[in-house]
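Commentary on secondary and tertiary structure
In case you want the letters, here they are:
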Amino acid sequence: MNKDTRFTQSEGKVLMLGNEALVRGCLEAGVSYVSQYPGTPTSDIGEYFHQVIRDFPEYSDFLVHYWAVNEAVATSACAGAAWTGCRTFNPMKHVGLNVASDALSVIALNGPNPGGMVISVGSDPGSLGSHQEQNERFYAWMLHLPTIEPHTPQECKDWVKLAFELSEQYDLVMNIRTSTRSAHSRGFVELGTLMPGKRSGEFIRNIPKFNSLPPHAINNHIRLYERIERLREALPKLGFNKIIPGENKIGVITSGMPFGYTIEALNQLELNDVPVLKLGMIYPLNFQQISDFIQVLDKVIVIEELEPFLEVKIAEIAHIQGIDAEILGQKFFPKYNEFSTGLVATSLAQIFDKKPREQITKAVDYFNSYKEIIPSRFPTFCAGCPERATLYSILKATNNLANTVISGDIGCYVMSFFPPQQCSDLVICMSGGLSAAIGMSTKTDQNVIAFIGDSTFFHTGMAPLAEAVGYNSNLLLMIFENSWTAMTGHQDDVLRYLINRGFSIEKICRAIGVPWLKVEDSYNPKKLTNTIEEALKTNGLKIIIVKRECALQAHRWRMAQINALQDKGEKVQDVSYYIGGCSMCFECARVLSCPAIRRVNTEGIEEMQIDQDRCIKCGVCYEICPNGAIRKSIINLFGEEVPFREI
């Protein structure tokens, strides 16, 4: 396999995603320590760092990338490495900043010097890969995080390098804010000179700087404001902000991805005389730059996704400076979902009292027409997913959730609230399901079942588990142990290292003092159903650990073993499942709802059929078919059997 040299070649122009460009910029900046917890849209940043270290082992002499157990650990680890004089990089998704904020609020006060520290927060307008579209930009105000918002991959690469320089120069934790679109949009990137990071550093004791307790906390707070103000004054010289001149008395201020939509929309509306201020740094703002731009205008349109972060500050600047320009934003642009060129063009047409060109309306209508052409479907679990089989057992054990509340959590099982399972009543955050269940179980006589995955268990799950044990909360916790951080792409993260060291969630639960615990296999659904029924009849805290590897990884491993044996000329025992004499009860299609089983019409007769290309041969449908219509055929009975691997 050819190595990807885009991260290591010394010069040239290459095509990169925004996230790839961030990694390249870090390598050019001399970063030597990176830590993160995987989360869309920043997960692949870590994968690219691992790819570099794997393909070019010489980088491991100075470059470390850790998949942290959670964002707070990652942020504190990056601060610790920075305080030895190294440059550190800390990517996370927007809601990950919530977890990191406790540590970051203090680290920002202390400052990262003698090293440099840059965080990169991936926002998600439209909730394209998240359970909410939180506007995390407001953390910039609260935590005093200078925030840079690139638009193109080239800006991602160049500005992360500049962010490290500013971090070291001003003793500030810098934030590179991307979005799902900018992180995963492609563009050409002009490469710069690579710089090896420090192999090691040294921590020099400085109690007033690093110990944020009174009176040092207050002094650091004062010092932080001084550092921020120095950066604010220097902004015009740094080249982050850009003005596209125009003679119109209505101007636009925007940043990041909305800038691209804005330019396209203005072109389509033939509004080529509208001045545009593109902000590359959205906090802090240079008051003079903003004032100079808006004081000659009658109206200022602020185009930004989600809540009015920029609009509020620009209106404040206009008020303080006594500038009588009308500030427009949330009045015409929605405070939810991601924008598009069509949306921005439609809103601008309304403001400028122009009729959108036929080309725009046709494009919007053409886009919307696909909603009728392409059938919509709910996200679903993969064929053979052990979590799907677990949900089946829960539905059976509770008589389709009669008198039962399912306190869901973050993981692949978030999809359980979609039809047909509809087996999740609430989702809050990582480990929020168990926490909510603790409170709920004290105030209801309903059965309370909480979900948590193995990665989430280590992320933030052990603390609420200790509380549930301490109060012997009357709930059932289902722990999905599939041995992978599956939802974000099977990263080779700390969970994998723990597995390699022989860790045991079961032993941890017993050590904490869980009074009732069973370990089950979701591919044995009848036994699992009986165990759930037993648990729900027992008072106090109950835990069922469902151990079965993620089906995608299990199937890949099993097929690799089979192919290796067949390449040696050995016969391999295999199994095939097929349907015959189906009574169309839909137990397999609507309750288990496996996507490898479909309804077909054969010569006028409706029947169910197993798609052999999608079936991974887990056998759950065979186990649960109430009519014995799913048959099992063993191929090469005396050949070597290759079962799914145990975890």
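The sections below set out a description of the structure shown in this document.

Parameters and conventions
Residues numbered from 1 in each chain as written. Predicted model: local features only at pLDDT ≥ 70, side-chain atom pairs only at ≥ 80, totals over all residues. Heavy atoms only, no water. Helix = DSSP H or I, 4+ residues; strand = E, 2+ residues; numbered from the N terminus. Rg over C-alpha atoms; globule rule 2.2 N^0.38 Å. Buried < 20%, exposed > 50% of the residue type's maximum accessible area, 1.4 Å probe, protein only. Contact = heavy atoms within 4.5 Å. Areas by Shrake-Rupley, 256 points an atom, 1.4 Å probe, with all protein chains shown as cover. Lys, Arg positive; Asp, Glu negative; His and termini not counted. Charge placed at Lys NZ, Arg CZ, Asp CG, Glu CD. Salt bridge = Lys/Arg side-chain N within 4 Å of Asp/Glu carboxyl O. Pairing = 2+ DSSP bridges. Right-handed = clockwise from strand over helix to strand, strands pointing away. Patch = residues over 30% accessible without salt bridge, like charges linked within 9 Å, V, L, I, M, F, W, Y side chains within 5 Å. Core = buried A, V, L, I, M, F, W, Y, C linked by side-chain atoms within 4.5 Å. Polar contact = N/O pair within 3.5 Å; in protein donor to acceptor, adjacent residues only side chain to side chain. Phe/Tyr/Trp six-rings, centres within 6.5 Å; stacked < 30°, edge-to-face > 60°. Axes fitted to C-alpha atoms, helices over the stretch in contact; angles between N-to-C directions. Parallel < 35°, antiparallel > 145°, perpendicular 65-115°, else oblique. Left-handed = near helix turned anticlockwise from the far one by under 90°. Nonpolar A, V, L, I, M, F, W, Y, C, P; charged D, E, K, R; others polar.

Things to note about the overall build of the protein chain
When its secondary structure is counted, the protein chain shows 23 helices and 24 strands. At 28 Å, the protein chain has a C-alpha radius of gyration in line with the 26 Å of a compact globule built from 647 residues. Projected onto the principal axes, the alpha-carbon positions of the protein chain cover approximately 80 × 65 × 60 Å. Within the protein chain, the proportion of its 647 residues that are buried is 56%. The long-range fraction of contacts in the protein chain, counting pairs at least 24 apart against all pairs at least 6 apart in sequence, stands at 80%. For the protein chain, the computed accessible surface area is about 28700 Å², with 51% contributed by carbon and sulfur atoms. Computed over 61 positive and 71 negative side-chain charges, the separation of the two mean positions in the protein chain equals 3 Å.

Overview of the pattern of salt bridges
Under the criterion given, the structure shown has 27 salt bridges. Between Asp-55 and Arg-54 there is a salt bridge, with the nearest N and O atoms lying 3.7 Å from each other. On the basis of relative accessibility, which here comes to 13%, the residue Asp-55 falls in the buried class. Taking the relative accessible area as the measure of exposure, Arg-54 reaches 55% and is therefore exposed. For the salt bridge of Arg-232 with Glu-229, the shortest nitrogen-to-oxygen distance reads 3.0 Å.

Here we look at the pairing of strand E19 (residues 542–547)
Where burial is concerned, most of E19 is hidden: 5 out of the 6 residues are buried. Sheet topology note: the strand E17 (residues 476–481)/E19 ladder contains 6 bridges and is parallel. Bridging across to E19, Phe-480 finds its partner in Val-546. Where strand E18 (residues 517–520) meets E19, 4 bridges bridge the pair, whose relative direction is parallel. Bridge pairing in E19 places Lys-518 opposite Ile-544. Regarding topology, helix H20 (residues 525–536) serves as the crossover connection from E18 to the parallel E19, and that connection is right-handed.

Things to note about a nonpolar patch on the surface
Taken together, the side chains of Tyr-366, Tyr-370, Ile-373 and Ile-374 make up a nonpolar region of the molecular surface, amounting to roughly 450 Å² of accessible area. Here Tyr-366 lies in helix H14 (residues 358–373). With a relative accessible area of 54%, Tyr-366 lands in the exposed category.

Focus on the nonpolar core
By size, the foremost hydrophobic cluster in this structure holds 65 residues, and its most contacted members are Phe-49, Phe-89 and Met-174. Here this core takes 8 residues from helix H6 (residues 153–170), the largest share from any one element. Those residues in contact with Met-174 that lie beyond four places of it in its chain are Met-117, Val-118, Ile-119, Pro-146, Ile-148, Ala-163, Leu-166, Ser-167, Leu-231 and Met-281. Grouped together as the second largest cluster of nonpolar side chains are 28 residues, Ala-397, Ile-449, Phe-451 and Leu-528 included.

Describing the sheet that holds strand E23 (residues 630–635)
One open sheet accounts for 3 strands, arranged E23-E20-E24; its pairing is mixed. A single partner strand is all that each edge strand has here, and the edge strands are E23 and strand E24 (640–641). Strand direction decides the pairing type here: strand E20 (residues 572–579) and E24, joined by 2 bridges, are parallel. Bridging from a neighbouring strand, Gln-573 pairs with Glu-641 of E24.

Some details on helix H19 (residues 505–512)
The opening residue of H19, the one whose side-chain oxygen lies 3.3 Å from the backbone nitrogen of Glu-506, is Ser-504. A positive phi of about 110° marks Gly-513, the residue just after H19.

Some words on the packing of aromatic side chains
For the coordinates displayed, the defined rule picks out 22 aromatic pairs. Residues Phe-49 and Phe-89 carry aromatic rings whose centres are separated by 6.4 Å and whose planes lie at 55° to one another, so their mutual orientation is tilted. On the criterion of sequence distance, the pair formed by Phe-49 in helix H2 (residues 43–55) and Phe-89 in strand E4 (residues 87–93) is long-range, its members being 40 residues apart. We note that Phe-49, like Phe-89, is buried.

Concerning the packing of H6 against helix H9 (residues 216–238)
In the contact formed by H6 and H9, the axes pass within 11 Å of each other and the chain directions differ by 140°. Between H6 and H9, the interaxial angle falls into the category oblique. Both H6 and H9 take part in a crossing whose hand is right-handed. Side by side, H6 and H9 meet where Leu-162, Leu-166, Gln-169 and Tyr-170 of the first sit next to Arg-227, Arg-230, Leu-231, Ala-234 and Leu-238 of the second. When the residues that make up the contact of H6 with H9 are grouped by side-chain class, the tally is 6 nonpolar, 1 polar and 2 charged.

Overview of the side chain of Glu-387
Position of Glu-387 among the secondary structure elements: in helix H15 (residues 386–397). Buried charged residue Glu-387 carries no salt bridge. Nearest counter-charge: Arg-388, at 9.5 Å. Here Tyr-413 takes part through its backbone nitrogen, which lies 3.2 Å from a polar atom of the side chain of Glu-387. Excluding residues within four positions of it along the chain, Glu-387 makes contact with Phe-381, Cys-412, Tyr-413, Phe-480 and Asn-482.

Here's the deal with the sheet that holds strand E5 (residues 116–123)
Spatially, 7 strands are ordered E3-E2-E4-E5-E7-E6-E12 in an open sheet, and the strand pairing comes out mixed. Two strands close off the open sheet at either side, each with one partner strand: strand E3 (64–67) and strand E12 (281–283). Two elements, E5 and strand E7 (residues 174–179), share 6 bridges in a ladder whose sense is parallel. Bridged to Gly-122 within E7 is Thr-178.

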